[in-house]
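Summary of structural features
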Amino acid sequence: EVGLVCVSTGVRPRDELAKAAGLEMGARGGVRVNEKQQTSDPHIFAAGEVASIKGGMCYGLSAPGREQAKVMVANLTSSGPAEYKGSDLSTKLKLLGVDLASFGAEAAFWFDQQYTSTDAAKVKTMVAEDKAKGTYKKLVFTPAADKLLGGILVGDIDDYAKLLAIAKKGSLTGLTPQQLLDGNIPVDDGGDGTNLAEDDQVCNCHGVPKGVIKKAILDGAETFEDIRKCTKAGTGCGTCISTGPVPKLLAATLQKMGKKVGACPPALPFPVADIEDLCKERCLKTLPAVLGSIGAPGCEKDTAACTPVVQPLLDSLFNGKIKGEGLDYVGQLKALRKDLFAFVDKQNCNPILVRLAWHDSGTFDKNRTEWPDMGGANGSIIYAPEINHGANNGLNKGVNFLKPFKTDYPLVSWADLIQMASAVSIEHAGGPKIPMKYGRVDVAGPEACPEGTSRGTAGNAGLPDAAMPFGCGATDAATHLRNIFHRMGFTDQEIVALSGAHTLGRAFKERSGTVDEGYGEANACPFTKSVGLCPVRHDGKAGVGMPGGKSWTKAWLKFDNSYYKEYAENNKDLLWLPTDRALHEDPEFKKTFVLYKDDQAAFFEGYSAAHKKLSELGSKFEPSEGIFID
């Protein structure tokens with residue numbers, strides 16, 4: 001809910017540093033570079049959106065930046081010399097829900113404005129428009145209509161890859177302009193349904209042709225993630241997967257190989273989460289549309305096998321039905337856990353979901369006997385003023401992550417949903433499986449939120465502070481930790497165990513204010529960049545979620561005992577707060593700290609018990625004995 005929305009469009013080179021250094025600028029901004037990506041100072045090179053090619057064009061797309069970077073690297077190493085010859089500006093976009101694409105055989109299509117020319121001596125233009133369907137196609141040919149110069153597609157961009165391939169070939173390959181305009185473009189695609197030849201380009205960002213992707217699949221790639229790793233296709237703008245031919249190519253090739261993987265093999269050899277994403281991106285509202293757009297050739301006969309998997313997704317996405325319809329509480333809990341695991345795997349949001357659950361539980365006061373006055377895991381954190389406490393900065397994002405799940409599984413309380421998301425996040429990151437109990441009752445509303453100073457602390461309703469001054473009045477970090485956690489009923493050993501969860505996550509300047517690192521790639525520490533110094537997930541897969549911030553450990557999406565081994569005294573690029581330092585300096589805390597440093601199994605056992613205890617603090621269960629789903 002906002003009062004004002006500002007939309008900024010376009011790319012402006014950040015050339016302040018270059019100006020201050022006295023480098024020559026481009027005519028319209030940016031740093032002037034030659035064909036070697038070399039600036040006016042022969043020792044300084046530039047690439048990407050800041051580079052003004054020969055003082056003129058600054059490319060605002062990712063593919064040219066990568067091509068320039070390759071040239072720059074070649075000239076900085078023994079593999080050079082190399083020259084940048086310009087880039088293909090063809091691209092696909094989705095603007096306000098409308099698919100849009102433009103493509104050209106050469107840069108002249110845009111820079112010489114061939115796409116707007118009405119000069120019959122220079123171009124022949126053909127247009128097809130269907131206002132009822134909301135589609136528009138403009139194709140621009142040479143005057144003799146023997147070569148496709150480029151085109152613009154709006155609403156329906158299915159022919160994009162085929163038309164781009166024809167434009168690059170320099171002839172119409174035996175077709176007529178009218179056939180191209182009508183979409184009648186037969187291609188020997190080997191029977192995979194992509195309408196692309198082996199050498200036709202699929203990924204424009206990295207220049208990956210169909211044949212390279214197909215070979216990767218034949219060599220063992222079975223998922224989109226595998227294809228990204230093997231070929232880089234899909235790691236740029238991603239449209240070659242989300243709206244392009246990669247899904248159909250993957251399905252057809254796996255079918256021909258006889259491999260049965262994914263949710264609905266061989267027709268739809270993709271995980272359920274990927275099928276759902278593709279349906280969203282392509283607005284596929286019926287099973288025939290799904291099979292036709294992303295399925296293997298001839299998969300129409302597999303309708304019966306695909307219906308149980310795909311139809312519930314379509315009903316949820318487009319028909320107003322919820323995923324939990326017809327399930328009792330236990331059934332919804334089980335289905336929810338499965339969906340949460342897939343969501344966390346995709347979003348890499350483990351840390352914020354753990355923090356959300358901890359902060360919902362962290363208001364518990366063992367000296368208060370009435371529910372919900374005692375605080376704890378009761379769902380009150382979703383309401384203001386509690387969600388607005390300083391210690392909860394940024395947790396609105398976690399609540400928003402979970403809102404769609406609450407809609408799909410309405411029987412599950414907010415308190416259960418929050419605590420389940422945390423336990424799933426720990427397990428997904430390679431940590432122990434927490435023996436969770438469910439059936440928590442939610443508070444009625446914001447009136448149940450604990451007042452900020454009600455726990456004898458500052459304005460955070462009993463949550464710990466990261467550094468001095470401590471709201472509880474303590475003069476050292478160890479005393480502060482004991483004041484906070486003893487109030488909740490935890491022992492020194494449990495304090496050290498729970499602190500080990502800092503092996504996941506990071507701090508941000510915009511949230512806690514305890515670090516200089518903040519949101520975004522430019523404000524990240526070496527381990528929280530989108531491409532870091534090492535994989536941060538426990539399974540070695542790529543991904544960090546939102547880049548930025550400063551982490552406690554190097555692999556901060558992996559749950560292990562690294563927190564007790566890696567800290568700022570050993571690596572200045574890691575986060576280590578006074579409350580962290582107290583754990584290996586205070587004599588009593590240090591006993592458990594050293595134990596967990598040397599014995600991960602002991603840490604997992606201690607953490608699992610402490611996490612379970614934390615998740616049940618202040619909870620009222622119905623039935624009173626709780627609900628178990630394992």
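Refer to the structure above for everything that follows.
Residues numbered from 1 in each chain as written. Predicted model: local features only at pLDDT ≥ 70, side-chain atom pairs only at ≥ 80, totals over all residues. Heavy atoms only, no water.

Brief notes about the nonpolar core
As a reminder of what qualifies: As used in this record, nonpolar core signifies buried Ala, Val, Leu, Ile, Met, Phe, Trp, Tyr and Cys residues forming a set joined through side-chain atoms within 4.5 Å. Per-residue accessibility, obtained with a 1.4 Å probe over protein chains only, is compared with the maximum for each type, and a residue is labelled buried under 20%, exposed over 50%, and partly exposed between these values. Each helix is a run of DSSP H or I of at least 4 residues and each strand a run of E of at least 2, with the numbering of both proceeding from the N terminus. Only heavy atoms matter for contacts: two residues are in contact if any of them lie within 4.5 Å across the pair.
Counting residues in each nonpolar core, the largest one holds 75 residues, and the members touching the most others are Leu340, Leu402, Phe559 and Tyr607. When residues of this core are assigned to their parent elements, the largest contribution, eight residues, is made by helix α16 (residues 414-428). Residues within four places of tyrosine 607 in sequence aside, it is in contact with Trp358, Ile426, Pro432, Ile434, Ala497, Leu498, Ala501 and Phe559. Counting 39 residues, the second largest nonpolar core, distinct from the first, contains Cys205, Ala216, Leu268 and Phe270.

Quick look at the packing of helix α18 (residues 492-499) against helix α20 (residues 587-598)
Our working rule: In this description, a line fitted to the C-alpha atoms serves as the axis of each element, helices being fitted only across the stretch in contact, and the angle between N-to-C directions of two axes falls anywhere from 0 to 180 degrees. Oblique is the label for any angle not covered by the other classes, which are roughly parallel (under 35 degrees), roughly antiparallel (over 145) and roughly perpendicular (65 to 115). Note: crossing handedness is left-handed where the near helix turns anticlockwise from the far helix by less than a right angle, and right-handed where it turns clockwise. Residue classes follow a fixed rule: Ala, Val, Leu, Ile, Met, Phe, Trp, Tyr, Cys and Pro count as nonpolar, while Asp, Glu, Lys and Arg count as charged, and any other residue, Gly among them, counts as polar.
Interaxial distance between α18 and α20 falls to 9 Å at its minimum, and their mutual angle equals 45°. In terms of orientation, α18 lies oblique with respect to α20. In the packing of α18 onto α20, the handedness of the crossing is right-handed. Across from Asp492, Gln493, Ile495, Val496 and Ala497 in α18, the residues of α20 making contact are Glu588, Phe589, Thr592, Phe593 and Tyr596. Taken together, the residues that form the contact of α18 with α20 break down as six nonpolar, two polar and two charged.

Re the pattern of salt bridges
As a reminder of what qualifies: Counted as salt bridges are all cases of a side-chain nitrogen of Lys or Arg within 4 Å of a carboxyl oxygen of Asp or Glu.
The tally for this structure, following the rule as stated, stands at 31 salt bridges. Between aspartate 15 and lysine 19 there is a salt bridge, with its nearest N and O atoms 3.8 Å apart. Take aspartate 15: its relative accessible area is 7%, and that puts it in the buried class. Residue glutamate 198 pairs with lysine 214 through a salt bridge whose shortest N-O separation is 3.7 Å. With glutamate 198 in the loop between α5 (177-182) and β8 (201-203) and lysine 214 in helix α6 (residues 210-218), this pair connects stretches of sequence that are 16 residues apart. Salt bridges linked by common partners bring Asp192, Glu198, Lys210 and Lys214 together as one network.

Quick notes on helix α2 (residues 62-76)
As a reminder, the rule being used: To estimate the expected span of a helix, subtract one from its residue number and multiply by 1.5 Å.
Helix length check: α2 (15 residues) gives 21 Å between terminal C-alpha atoms against 21 Å at 1.5 Å per residue, within 8%. Inspection of α2 places Ala63, Pro64, Gly65, Gln68, Val71, Met72, Ala74 and Asn75 among the buried residues, and these make up the whole buried set. Of the surrounding elements, those touching the buried residues of α2 are β2 (51-53).

Focus on helix α10 (residues 272-282)
Turning to α10, its buried residues number three or more, namely Ile275, Glu276, Asp277, Leu278, Cys279 and Arg282. The secondary structure elements touched by the buried residues of α10 are α7 (224-231), α8 (239-242), α9 (246-257), α11 (287-294), α12 (303-318) and α13 (329-347).

Observations regarding the pairing of strand β6 (residues 135-141)
Here is the key point about a regular strand: its side chains alternate between the two faces of the sheet. Basically, it comes down to this: If DSSP finds at least two bridges between two strands, the strands pair.
Along β6, five of the seven residues are buried, which leaves the element largely enclosed by surrounding structure. Two strands pair when backbone bridges link them, and strand β5 (residues 124-130) and β6 are joined in this way by seven bridges, in the antiparallel orientation. When the bridges of β6 are listed, valine 127 appears paired with lysine 138. Here β5 folds back onto β6, and the loop between the two strands holds four residues, one of which, glycine 134, carries a positive phi near 75°. Of the strand pairs in this sheet, β6 and strand β7 (residues 148-154) are connected by six bridges, and their pairing is antiparallel. Of the residues in β7, the one forming a bridge with leucine 139 is glycine 151. Where β6 folds back on β7, the antiparallel hairpin that results is connected by six residues, among which alanine 145 adopts a positive phi of roughly 60°.

Digging into the packing of aromatic side chains
Each pair of aromatic rings is reported with the distance of its centres and the angle of its planes. Inclusion rule: Stacked, tilted and edge-to-face are the three classes applied to pairs of Phe, Tyr and Trp rings, where Trp contributes its six-membered ring and a pair requires centres within 6.5 Å; stacked means planes under 30 degrees apart, edge-to-face means over 60, and tilted covers the rest.
Under the criterion given, the structure shown has 23 aromatic pairs. Seen in terms of ring centroids, phenylalanine 224 and phenylalanine 270 are 5.3 Å apart; in terms of plane orientation they differ by 25°. Their pairing is stacked. Taken together, the residues phenylalanine 224 in helix α7 and phenylalanine 270 in the loop between α9 and α10 connect sequence positions 46 residues apart. Residue phenylalanine 224 is classed as buried on the basis of its relative accessible area, which comes to 5%. A relative accessible area of 1% places phenylalanine 270 in the buried class. Geometrically, the ring pair formed by tyrosine 564 and phenylalanine 593 is edge-to-face, given 5.1 Å between the ring centres and 80° between the ring planes. Placement of tyrosine 564 in the loop between β11 (550-551) and α19 (578-581) and of phenylalanine 593 in helix α20 is noted, with a sequence separation of 29 residues between them. In this pair, the class of tyrosine 564 matches that of phenylalanine 593, namely buried. Through a chain of ring-to-ring contacts, three or more aromatic side chains come together here, namely Phe559, Tyr563, Tyr564, Tyr567, Trp576, Phe593, Tyr596, Phe603, Phe604 and Tyr607.

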